[in-house]
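If you want the building blocks of each chain, they are given just below.
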Amino acid sequence: MEFNADPSLPSSENSAEVAENLWREILGAGADPAKGFLENGGDSFRAVLLSSRLYELTGREVEYLDVLEADGAGALVRLLAADGAGS
């Protein structure tokens, strides 16, 4: 599954869509974006993969440990926003 996120146009709507799509891509189609990463069967390998994909698609860094601790896809959006604010 490919997503065409444009890092030069970071919007919260785009970030939310990317985060939720990647959440399901990495954790499976049945993953619940309202539940935590670990609750959805995530592990450290998937956290690194998700972190890498977020960087590829948004140009923003999210630490894999933060992904592991994420309480849902919305947490990824907040992390992306925090990184964008620091850039």
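The model shown is predicted, which means the values in this text are computed figures rather than measured ones.

A few words now on the overall build of the protein chain. Looking only at helices and strands, the protein chain has 4 helices and 0 strands in total. Classification of the 87 residues of the protein chain by burial places 38% in the buried group. Taking the intrachain contacts of the protein chain between residues at least 6 apart in sequence as the baseline, contacts between residues at least 24 apart amount to 49%. Roughly 5,000 Å² of accessible area belongs to the protein chain as shown, and the carbon and sulfur atoms make up 50% of that amount.

There is a patch of like negative charges on the surface, built from Glu61, Glu63, Asp66 and Glu69. Structurally, the position occupied by aspartate 66 is in helix H3 (residues 64–69). Residue aspartate 66 is classed as partly exposed on the basis of its relative accessible area of 31%.

What follows concerns the pattern of salt bridges. All told, the structure shown has 5 salt bridges when counted by the stated rule. Salt-bridge contacts for glutamate 56 lead to arginine 53; the nearest nitrogen and oxygen are separated by 3.0 Å. Here glutamate 56 and its partner arginine 53 are both found in helix H2 (residues 44–58), 3 residues apart, which amounts to about one turn of the helix. The class for glutamate 56 is exposed, based on a relative accessible area of 53%. A residue is classified by how much of its surface remains accessible, and arginine 53, at 11% relative accessible area, is buried. With its nearest N and O atoms 3.3 Å apart, the salt bridge here joins arginine 78 to aspartate 71.

The next point concerns the environment of tyrosine 64. Within the secondary structure, tyrosine 64 sits in helix H3. C-alpha separation for the pair tyrosine 64 and valine 48, spaced 16 residues apart in sequence, amounts to 5.1 Å. Those residues in contact with tyrosine 64 that lie beyond four places of it in its chain are Ser44, Ala47, Val48 and Ser51.

Turning next to a nonpolar patch on the surface. Taken together, the side chains of Val48, Tyr64 and Leu65 define a hydrophobic patch exposed on the protein surface, amounting to about 250 Å² of accessible area. Among the residues examined, tyrosine 64 registers a relative accessible area of 34% and is labelled partly exposed.

Analysis parameters
Residues numbered from 1 in each chain as written. Predicted model: local features only at pLDDT ≥ 70, side-chain atom pairs only at ≥ 80, totals over all residues. Heavy atoms only, no water. Helix = DSSP H or I, 4+ residues; strand = E, 2+ residues; numbered from the N terminus. Buried < 20%, exposed > 50% of the residue type's maximum accessible area, 1.4 Å probe, protein only. Contact = heavy atoms within 4.5 Å. Areas by Shrake-Rupley, 256 points an atom, 1.4 Å probe, with all protein chains shown as cover. Patch = residues over 30% accessible without salt bridge, like charges linked within 9 Å, V, L, I, M, F, W, Y side chains within 5 Å. Salt bridge = Lys/Arg side-chain N within 4 Å of Asp/Glu carboxyl O. Lys, Arg positive; Asp, Glu negative; His and termini not counted. Charge placed at Lys NZ, Arg CZ, Asp CG, Glu CD.

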